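# Architecture and fold: a report
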Amino acid sequence: MKSDFKVIAFDADDTLWVNEPYYRETEDLFYALLTEFMPAEQIGRELYKTEMDNLKMYGYGTKGFMLSMIETALRISENKVPASTLQKIIELGKEQLTKPVILLDGVVETLEYLSRKNYMLVVATKGDLVDQERKLKNSNIQHYFHHVEIMSNKKEDDYQKLIQHLNIFPEDFLMVGNSYKSDIEPVLNLKGFGIYVPFHITWEHEKAEENENHPNWIKVEHISAVLDIL
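Residue numbers here run from 1 along each chain, matching the order of that chain's written sequence. Whole-chain, interface and lining totals are the exception, using all residues; otherwise, since this is a predicted model, local features are given only for residues with pLDDT of at least 70 and side-chain atom pairs are given and counted only at 80 or more. Here the side-chain values reflect all heavy atoms present in the structure, with hydrogen atoms and water set aside.

Axis lines are fitted to C-alpha atoms, over the contacting stretch for helices. Their N-to-C directions set the angle, which ranges from 0 to 180 degrees. Here a helix means four or more residues in a row that DSSP labels H or I, a strand means two or more in a row labelled E, and each is numbered from the N terminus. Two elements in contact, helix α2 (residues 40–58) and helix α3 (residues 62–76), have axes separated by 9 Å at closest approach and are oriented at 130°. The pairing of α2 with α3 is recorded here as oblique in orientation. Note on packing geometry: the crossing formed by α2 with α3 is right-handed. Of the residues in α3, those in contact with I43, E46, L47, T50, E51, N54 and Y58 of α2 are G64, F65, L67, S68, M69, E71, T72, R75 and I76. By the definition adopted for this analysis, an angle is roughly parallel if under 35 degrees, roughly antiparallel if over 145, roughly perpendicular if from 65 to 115, and oblique otherwise. Handedness of a crossing is defined here by the sense of rotation of the near helix relative to the far one, left-handed for an anticlockwise turn of less than a right angle and right-handed for a clockwise turn. The contact criterion used throughout is that any non-hydrogen atoms of two residues lie within 4.5 Å.

Turning our eyes to something else, we now look at the side chain of T62. Among the structural elements, T62 can be located in helix α3. A polar atom in the side chain of T62 sits 3.2 Å from the side chain of Q96. Every residue in contact with T62, bar those within four places of it in the chain, is listed here: Y23, G93, Q96, L97 and D131. Pairs of N or O atoms are called polar contacts if they sit within 3.5 Å, as long as, within protein, a hydrogen donor faces a hydrogen acceptor (for residues adjacent in sequence, only side-chain-to-side-chain pairs).

Contact geometry for helix α1 (residues 20–33) and helix α4 (residues 83–97): axes closest at 10 Å, N-to-C directions at 170°. Considering their axes alone, α1 and α4 lie roughly antiparallel with respect to each other. Contact residues: Y22, Y23, T26, L29, F30 and L33 in α1; T85, K88, I89, L92 and Q96 in α4. Ten residues, namely Ala, Val, Leu, Ile, Met, Phe, Trp, Tyr, Cys and Pro, are considered nonpolar, four, namely Asp, Glu, Lys and Arg, are considered charged, and the remaining ones, Gly among them, are considered polar. Taken together, the residues of the contact of α1 with α4 break down into seven nonpolar, three polar and one charged.

Looking now at helix α7 (residues 156–165). Three labels apply to residues, based on accessible area from a 1.4 Å probe with only protein chains included: buried if under 20% of the type maximum, exposed if over 50%, partly exposed otherwise in between. When α7 is considered as a whole, its buried residues turn out to be D158, Y159, L162 and I163. The buried residues of α7 occupy an angular sector of 130° when the element is viewed end-on, so they sit on one face. Every exposed residue of α7 that faces more than 90 degrees away from the buried side is listed here: D157, K161, Q164 and H165. For α7, the secondary structure elements touched by its buried residues are β2 (120–126), β3 (147–151), β4 (173–177) and α8 (180–189). For this quantity, the arc is that covered by the directions from the helix axis to the C-beta atoms.

With that out of the way, let us pick up the sheet that holds strand β5 (residues 193–196). Strand pairing in a sheet is mediated by backbone hydrogen bonds. Such pairs are either parallel or antiparallel. Across the sheet, six strands lie side by side as β3-β2-β1-β4-β5-β6; this open sheet has parallel pairing. Lying at the two open borders of the sheet, with one neighbouring strand each, are β3 and β6 (217–219). Adjacent strand axes in the sheet meet at a mean angle of 20° when their direction is disregarded. Pairing of strand β1 (residues 7–10) with β4 involves four bridges; the strand directions are parallel. If you follow F10 over to β4, its bridge partner there is V176. With respect to the sheet, α7 is in contact with β2, β3 and β4, its orientation differing from that of β3 by roughly 160°. Note: two strands are recorded as paired if DSSP finds a minimum of 2 bridges between them.

A word on the pairing of β4. In summary, the side chains of a regular strand alternate between the two faces of the sheet. Counting buried positions along β4 yields five of five residues, so the element is predominantly enclosed. Of the two faces of β4, the one holding F173, M175 and G177 and the one holding L174 and V176 are both buried throughout. Both β4 and β5 contribute to a ladder of four bridges, which runs parallel. Its bridge partner being in β5, L174 is matched across the sheet by F193.

Attention now moves to the pairing of β5. Residues F193 and I195 point to one face of β5 and G194 and Y196 to the other, with burial holding for every one of them. Crossovers are described as right-handed under a simple rule: with the strands pointing away from the observer, the path leading from the first strand over the helix to the second runs clockwise. Note that the unit made of β4, α8 and β5 has a crossover that is right-handed. Here β5 pairs with β6 via three bridges, running parallel. Bridging across to β6, G194 finds its partner in W217.

Now the structure itself:
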């Protein structure tokens, strides 16, 4: 892979800091509240279905997730779920919104190295604007980034707009992220480049078949491998 990129963009959740484990913890607590109505595994399927149905309306992030939990609880209980349980679900969502920002190993060292090499570093993430801004502020790494792009989604059009805003060509753009579907594939389709750093937990919605024959991306086990590549 070439190394003369003008911009290196990083996904945030589960690339720079911990995110998906918080969702799993909240889901487990949510299931425990509703076991009188349905087994946990089945509740999980119902919640996922609700989330998928609501994505176009709520987008990504904890707030939409909270609303989907409430909707799922009402549906599977046939509106019999107690108000006290709904209140607990709201509290679960609020607790998730205040979880600490824990950087993944190697993130600071990687950003520090790339900054010294004078790469323009960018955050390109999707999710709720207020929540992502909070996490970035609390991460204490925002000073490394020239630009922050919080997208409602991560499709080719979204990346095309970002690349145009940065006034570069796609071949000068490198995306680093933990989701092949959202971070790598759309950029490859634009003739950009990607470094895929899988996280040990992946949301079902983010799973996708990888094009192993495409020359513009590489899969690594740890974000610090970026230093060896560049």
